[in-house]
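In case you want the letters, here they are:
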Number of protein chains: 2
Amino acid sequence: MATQRADHQQNPTVDEIPDIVISRLPVYLRTLRLLDSQGAEVTSSQELGELLGISSAQIRKDLSHFGEFGKQGTGYNVAFLCRQLEKILKVDCVWPVVLVGAGYLGHALASYNGFLNRGFRIVGVFDNDPTKVGTQIGDIEVKPTSALPEAVDRTRCQIAVIAVPAHSAQAVAEELIEAGIRSILCYAPLTLNMPPDVRVEYIDPVISFQHMTYYLDKGCID
Amino acid sequence: MATQRADHQQNPTVDEIPDIVISRLPVYLRTLRLLDSQGAEVTSSQELGELLGISSAQIRKDLSHFGEFGKQGTGYNVAFLCRQLEKILKVDCVWPVVLVGAGYLGHALASYNGFLNRGFRIVGVFDNDPTKVGTQIGDIEVKPTSALPEAVDRTRCQIAVIAVPAHSAQAVAEELIEAGIRSILCYAPLTLNMPPDVRVEYIDPVISFQHMTYYLDKGCID
DNA sequence: GTATGTGAAGACTTTCACAGCG
DNA sequence: CGCTGTGAAAGTCTTCACATAC
C-alpha cells in the first residue's frame, strides 16, 4: 500500500525485488533474533515457517533473491542469516528518527526502549502545544516544530513518526518533507497526500479491528 | 498474514471474498467518512482512488464483491456507501475490547478517544504488575489478569489488545484464548503461536521502519 | 538421509477496456 | 456524456517438486 520506485531499467542484472518480499524480511529477522537469543545455532526454512505460520518454500524463495545463505542438508546458521538480513535491510547500524506529537502515544514511543537494538533511535520530539514544549521525555526535551529543520539536518535524519491528531497530520507531513524527511510512519488515522518519492507506512489500530470484525460473529453492543 | 476460514464449500453462491479485499474496506471507510465530514454528498471511484493512491478500477472491483452501490454517470453517495461498508464490516455498532498491559502504550490506547465513533470501546484494562493494579486510567480501573475471564464473559468480548513486553505476550495470548477471545491485536514484537481459528494482527513500528530502510540511502549513525 | 535453491505450474490479484445505464 | 460494473487479459505471487549438495 506504499510502494514506489522510479529507476526500473537502470541495471538489468539487478531486477527489482518485489516489495512484498522486502516486507517479510523484518519478520524473518525478528524471529531469527529470537532463536539466536534462545541459543539456537542452526535453523531450517521449515522451522522458521512453522514459527511464522507460512510455508517453507516461501521463505526459501524470498531469501533466494539475495543469495544462497543456507547449506543443503543442514539449514541456515542463525547468527549468519541475521547478519545478512540486517545488511540487506540496512539495519546493521542505528538510524535517527524524529517524532512529532508529544501526547500519550508520543510519550509511549519516546519512552520505548525496544528501538535501539533493532536499529533505531529517537533523536528528537516535536510538538506545537505550548504546554508540552520544554517538557522532558526521558532525556529528550520537547521542542516546537520550528526546530525540526535544524534537527533533521544536524542528525541527517531521513525517518519521521507522526503521532499527532488526524486534523494536523497532513500539515505536519508537509513540514517534515520540507525539512528533508524521506520516510514517514504515520499513526494518525488518515491517508497522507505525499509526493511519490516519499514512503509512508501507516499504523491505525482501528483498521486492524475493522478487518477482524468482518470475520467475527456479530455480537456487539447496540 | 493472518487469514483462515474452515468453511469453504458450504454455499457455492457466496464464494469466499479475498482477504486482501476485506483489508482495504476499512481504509475506504475511513476516507469516505472524512469526505462525509467535509460535506461531500457524492464521490467517484476516481476521486477515492486519488485520495488513496490506488486505481479506480480496484475500488470498483472491490465494491462489486458486495453489491452495486453506485450510479452510472454519477458515482457513489458518500453517506450511503459509508453505511454499506459499516454493515459489511459489522462496525454499525460498538464492539467491546479488552486491553492487557498498562504501561505507556496501554495508557495511550486506553486514553485514546478515537475508538468509539469507529465502532470500538475498551471495556477493561488488565495487568499483573501490583504497582499498576488498582490504578485508574480515565474511568477504567486496572485489574489483574485473573479478572479477565469474568470480564470477557460479562461483556461478551471477542477482541483483545496485547500491549505487554514480548517475553510475556505468548502467555497472555493463551490466557485470552482461554477466556474466550477470538481476535487479537498484538503490539508485542513477536509472532504468536495460536490455533488457526484465532485471528491475530500485529503492530510493530520497527517492522515498518526496517521496511523503509531497505529503500533509503544508507546514511545512519555508526 | 536431509534440507536448500529453483524452474515450472498453479493460484491469485490487478488492470484493461467497454457495454450499459443514468 | 460520465461513471459504474465486469468479463477477459495481463501481471504478480505462491506452491510444487525435484536436482543438487552436504
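Positions within a chain are numbered from 1, following the residues in the order the chain's sequence is written. By the order in which they are written, chains take letters starting at A while ligands take numbers starting at 1. Selection of residues for local features in this predicted model requires a pLDDT of at least 70, selection of side-chain atom pairs for listing and counting requires 80 or more, and totals for whole chains, interfaces and linings are taken over all residues. Calculated side-chain values reflect all of the structure's heavy atoms, with hydrogen atoms and water omitted.

The subject of this paragraph is unusual backbone geometry. Peptide bonds are mostly trans, and most non-glycine residues show a negative phi. Residues other than glycine seldom take positive phi values, yet Lys 90 of chain A does so here, at roughly 65 degrees. Although it is not a glycine, Arg 156 of chain B adopts a positive phi angle of roughly 50 degrees. With a 1.4 Å probe rolled over the protein chains alone, any residue whose accessible area is under 20% of its type maximum counts as buried; one over 50% counts as exposed, and the rest are partly exposed. On the basis of relative accessible area, Arg 156 of chain B is assigned to the exposed category, the value being 63%.

All names here are of chain B. Ordered in space as E6-E7-E5-E4-E8-E9-E10, the 7 strands form an open sheet in which the pairing is mixed. The open sheet terminates on both sides in strands that have one partner only, identified here as strand E6 (136-137) and strand E10 (199-202). Any two strands between which DSSP finds at least two bridges are classified as paired. The way it works is that DSSP assigns letters per residue, a run of H or I at least four long becomes a helix, a run of E at least two long becomes a strand, and they are numbered from the N terminus. Of the pairings in the sheet, the one linking strand E5 (residues 120-126) to strand E7 (residues 140-143) comprises 2 bridges and is parallel in character. For Val 125, the partnering residue across the bridge sits in E7 and is Val 142. Contact criterion: two residues are considered in contact whenever any of their non-hydrogen atoms come within 4.5 Å of each other. All axes here are fitted lines through C-alpha atoms, helices being fitted over the stretch that makes contact, and every angle between N-to-C directions spans 0 to 180 degrees. Each of strand E4 (95-100) and E5 is contacted by helix H6 (residues 148-155), which is oriented at about 170 degrees to E4, the strand it contacts most.

Another aspect to go through is the protein's contact with DNA strand C. We call a residue near a molecule or strand as soon as one heavy atom of that residue lies within 4 Å of the molecule or strand. DNA strand C sits among 22 residues. The nearest are Ser 45, Arg 60, Gln 72, Gly 73 and Tyr 76 of chain A. Sugar and phosphate atoms form 60% of the subset of DNA strand C atoms that lie within 4 Å of the protein. By the criterion applied in these results, polar contacts are pairs of N or O atoms within 3.5 Å in which, for protein atoms, one can donate a hydrogen and the other can accept it, and in which residues neighboring in sequence qualify only through two side-chain atoms. Between DNA strand C and Arg 60 of chain A there is a distance of 2.8 Å, counted from a base nitrogen to a side-chain nitrogen or oxygen. Take Ser 55 of chain B: an N or O atom from its side chain is 2.9 Å from a phosphate oxygen of DNA strand C. Mapped onto the surface near DNA strand C, the elements with two or more residues apiece are helix H3 (56-64), strand E2 (70-71) and strand E3 (75-77) of chain A together with helix H1 (19-37) and helix H3 (56-64) of chain B. Residue polarity follows a fixed list, in which Ala, Val, Leu, Ile, Met, Phe, Trp, Tyr, Cys and Pro are nonpolar, Asp, Glu, Lys and Arg are charged, and the others, Gly among them, are polar. In terms of residue class, the surface near DNA strand C is built from 4 nonpolar, 11 polar and 7 charged.

Once that is clear, we can look at the environment of His 107 of chain B. Relative to the elements of secondary structure, His 107 of chain B occurs in helix H5 (residues 104-111). Setting aside its immediate chain neighbours within four residues, His 107 of chain B contacts Ala 102 and Ile 137 of chain B.

Here chain B sits on chain A after a turn of 180 degrees about the axis and a move of 0.0 Å along it, with an RMSD of 0.0 Å. Here the copies are linked by what is in effect a two-fold axis. Of the residues that chain B buries at the interface, 100% are likewise interface residues in chain A, meaning the two copies contact each other through the same surface. The atoms used to superpose the copies are C-alpha atoms, taken from residues with pLDDT of at least 70 in both, and the fit is least squares.

Residue and element names in this part refer to chain A. On strand E9 (residues 183-186), burial covers both faces: Ser 183 and Leu 185 on one face and Ile 184 and Cys 186 on the other are all buried. Pairing of strand E8 (residues 159-162) with E9 involves 4 bridges; the strand directions are parallel. Pairing of Ile 162 across the sheet is with Cys 186, part of E9. Consider the strands pointing away from the viewer: the crossover is right-handed when the path from the first strand over the helix to the second runs clockwise. Once the chain exits E8 it traverses helix H7 (residues 166-179) before rejoining the sheet at E9, and the crossover so formed is right-handed. The pairing of E9 with strand E10 (residues 199-202) spans 4 bridges and is parallel. Paired with Leu 185 across the strands is Glu 201, a residue of E10.

The next subject is the packing of aromatic side chains. Side-chain rings of Phe, Tyr and Trp (the six-membered ring for Trp) are treated as a pair once their centres are within 6.5 Å; stacked means planes under 30 degrees apart, edge-to-face means over 60, and tilted covers the remaining angles. Per the stated rule, a full pass over the model turns up 10 aromatic pairs over all chains. On the basis of an interplanar angle of 65 degrees and a centroid distance of 6.5 Å, the ring pair of Phe 69 of chain A and Phe 80 of chain A is categorised as edge-to-face. On the criterion of sequence distance, the pair formed by Phe 69 of chain A in the loop between H3 and E2 and Phe 80 of chain A in helix H4 (residues 78-89) is long-range, its members being 11 residues apart. Each ring, one from Tyr 214 of chain B and one from Tyr 215 of chain B, has its centre 5.0 Å from the other, and the planes form 85 degrees; the classification is edge-to-face. Take Tyr 215 of chain B: its relative accessible area is 13%, and that puts it in the buried class. A ring is considered to have a charge above it if a Lys NZ or an Arg CZ atom is located within 6 Å of its centre and within 35 degrees of its normal. Seen from the ring of Tyr 215 of chain B, Arg 199 of chain A lies directly overhead, with NZ or CZ sitting 3.7 Å from the centre.

So, on to the domain arrangement of chain A. By a widespread convention, an interface's size corresponds to the accessible area lost as its parts come together. Note that domain bounds follow an automatic or database assignment of domains. Segmentation of chain A into domains returns domain 1 (19-87) and domain 2 (95-208). The gap between the C-alpha centroids of domain 1 of chain A and domain 2 of chain A is 31 Å.

Contacts to DNA strand D come from 23 residues, most closely from Arg 24 and Gln 72 of chain A together with Ser 45, Arg 60 and Tyr 76 of chain B. For DNA strand D, the fraction of atoms within 4 Å of the protein that belong to sugar or phosphate moieties is 61%. One of the side-chain nitrogen or oxygen atoms of Arg 60 of chain A is found 3.3 Å away from a base nitrogen of DNA strand D. Elements supplying a minimum of two residues to the surface near DNA strand D: helix H1 (19-37) and H3 of chain A together with H3, strand E2 (70-71) and strand E3 (75-77) of chain B.

What follows is about the side chain of Gln 158 of chain B. Position of Gln 158 of chain B among the secondary structure elements: in the loop between H6 and strand E8 (159-162). By relative accessible area, which is 12% here, Gln 158 of chain B ends up buried. At a separation of 2.9 Å, a polar atom in the side chain of Gln 158 of chain B contacts the main-chain carbonyl oxygen of Asp 217 of chain A. Contact partners of Gln 158 of chain B, with chain neighbours within four places excluded, come to Leu 216, Asp 217 and Gly 219 of chain A together with Trp 95, Pro 96, Ile 181, Arg 182 and Ser 183 of chain B.

Buried within H5 of chain B are the following residues: Gly 106, Ala 108, Leu 109 and Ala 110 of chain B. Buried-residue contacts for H5 of chain B involve helix H5 (104-111) of chain A together with E4, E5, E6 and E8 of chain B.

We now examine the interface of chain B and chain A. The partner chain A presents 69 residues to the 69 residues of chain B that form the contact. Here the buried area means the combined drop in accessible surface, using a 1.4 Å probe, for two parts upon being joined, counting both sides. When residues of chain B are sorted by the area they lose upon contact with chain A, Phe 209, Tyr 214 and Tyr 215 of chain B head the list and together hold 10% of the total. Salt-bridge detection follows one rule: a side-chain nitrogen of Lys or Arg within 4 Å of a carboxyl oxygen of Asp or Glu. Our count for the chain B to chain A interface comes out at 6 salt bridges. A salt bridge links Asp 204 of chain B to Arg 30 of chain A; the shortest N-O distance between them is 2.9 Å.

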